[in-house]
Amino acid sequence: MTLPTFLGVGVPRAGTTWLHTCLTSHPDVYMPVRRKEIRFFDRHFEQGLEWYEEFFCPDDEAASYRAIGEISPQYLYDEECPARIASTLPDVKLLLMLRHPVDRAYSNYGFTVQRAKYRGSFEEFVEARPSVLERGFYSRYLKRFLERFERERILALVFEETFADLDATREKLAAFLGIAAARFPSDAGASQVNPSSVPSHGAVSGLAVKTGRRLRRLGLEPVVDVARRLGIQKVIARGKPLPRIDPELRAELSKAYENEFDELERLMGVDLARWRT
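It should be emphasised that the depicted structure is a prediction, and the values quoted were computed from it without experimental measurement.

### Focus on the pairing of strand 5 (residues 154–158)
With respect to burial, strand 5 is a largely interior element, 5 of its 5 residues being buried. Judged by which residues are buried, strand 5 turns out to be covered on both faces: Ile 154, Ala 156 and Val 158 on one side and Leu 155 and Leu 157 on the other are all buried. Strand direction decides the pairing type here: strand 4 (residues 93–98) and strand 5, joined by 5 bridges, are parallel. Paired with Met 97 across the two strands is Leu 157, which belongs to strand 5.

Printed below as a string of structure tokens:
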């Protein structure tokens, strides 16, 4: 049975699409091609391991890869995921992308504007959805994983540091996963992916998202995958870039996380100096 040797467990809107693209480019890493976010441990656990295994390479091909994994960033927030992952994959390594909580929330807002035709302001968005800011207290969720996994089995990458030095990021990934950094293509991860935008045709974009979800529920995932590969989704969602967050509002909202930054640095040994400026 071929199962992952590593999992990307979080967080949404923090560069996990970039991480998936970067790792897919490495010849010694296998990433699912049928679905980017499998969400087995939080949404489809009752389907069983045989269902999960279908997303990975056949057993006779597994030996040709040094690392096999998948990235479902919602795993961090689900209470049952740490125990499920630990019991199913006791030797698995975990990848975690962290982004300034307010910037992550603003990116979540942009995603909602892009995919759900939301047209309210960011202030209205966080007032109506307080959970979007609460999910920035990453340590609350991370502690559940640390109860099940040794600290050395979790690699935390800070979004802002990741894109400031891509060579260093690839070196960290390679060392953690046991792969050769030199085998990453020279342009692996060279551009940030999955930016938010305000669609020029919001109704069409919203309909496309709903249609894709229906097709997945009907088991017609290959159709959705073909559309994604052909770039149809990007064309439909194309529009003007989301305006930058108001600096004063960002600074005001950031005050709530001062102790959180300290706790994350203590737990994970990361440097969050960029978040404090």
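### Observations regarding the nonpolar core
If you look at the biggest cluster of nonpolar residues, it comprises 80 residues, and the most contacted ones within it are Leu 23, Ile 85 and Phe 122. If we ignore the near neighbours within four places in the chain, the residues touching Phe 122 are Val 102, Ala 105, Tyr 106, Tyr 109, Ile 245, Leu 249 and Leu 253.

### Observations regarding the environment of Ala 83
Tracing the chain through its elements places Ala 83 in helix 4 (residues 81–88). Between the alpha carbons of Ala 83 and Phe 149 there is a distance of 9.7 Å; along the sequence they are 66 residues apart.

### Structural notes on the sheet that holds strand 1 (residues 6–10)
What links the strands of a sheet is backbone hydrogen bonding, and the strands pair in either a parallel or an antiparallel sense. A sheet is described by the order of its strands in space; here 5 strands give the open sequence 2-3-1-4-5, paired in parallel fashion. For this open sheet the edge positions go to strand 2 (29–30) and strand 5, each flanked by a neighbour on one side alone. Here strand 1 pairs with strand 4 via 4 bridges, running parallel. What sits directly across from Leu 7, in strand 4, is Leu 94. Across the face of the sheet, helix 1 (residues 16–24) comes into contact with strand 1, strand 2, strand 3 (67–71) and strand 4 while running at roughly 135° to strand 4.

### Notes on the pattern of salt bridges
In total, this model carries 13 salt bridges according to the counting rule given. The structure contains a network of salt bridges with shared partners spanning Lys 143, Glu 263 and Arg 266.

### What to know about unusual backbone geometry
Cis geometry marks the peptide bond from Gly 10 to Val 11; its omega dihedral reads -10°. Here Val 11 is to be found in the loop between strand 1 and helix 1.

### A short note on the pairing of strand 3
In terms of burial, strand 3 is a largely internal element, 5 of the 5 residues being buried. On strand 3, burial covers both faces: Ala 67, Gly 69 and Ile 71 on one face and Ile 68 and Glu 70 on the other are all buried. Alignment of strand 1 against strand 3, held across 3 bridges, turns out to be parallel. Each bridged residue has a counterpart across the sheet, and for Phe 6 the counterpart in strand 3 is Gly 69. Alignment of strand 2 against strand 3, held across 2 bridges, turns out to be parallel. In the sheet register, Tyr 30 faces strand 3, and the bridge partner there is Ile 68.

Cut-offs used in this document
Within each chain, residues carry numbers counting from 1 in the order of the written sequence. Two thresholds apply to this predicted model, a pLDDT of at least 70 for residue-level local features and 80 or more for giving and counting side-chain atom pairs, whereas whole-chain, interface and lining totals are computed over all residues. Think of the side-chain values as coming from all heavy atoms in the structure, minus any hydrogens and water. Classification of residues uses two cut-offs on accessible area relative to the type maximum, computed with a 1.4 Å probe and protein chains only: under 20% is buried, over 50% is exposed, and between them is partly exposed. Each helix corresponds to a stretch of at least 4 residues labelled H or I by DSSP, and each strand to a stretch of at least 2 residues labelled E; elements are numbered beginning at the N terminus. Strand pairing is defined by DSSP finding a minimum of two bridges between the two strands. Joining through side-chain atoms within 4.5 Å is the link that ties buried Ala, Val, Leu, Ile, Met, Phe, Trp, Tyr and Cys residues into a set, and such a set is a nonpolar core. Contact definition: two residues touch when any of their heavy atoms are within 4.5 Å. Axes here refer to lines fitted to C-alpha atoms; in helices the fit is confined to the stretch in contact. Angles between the N-to-C directions go from 0 to 180 degrees. By definition, a salt bridge exists where a carboxyl oxygen of Asp or Glu is found within 4 Å of a side-chain nitrogen of Lys or Arg.

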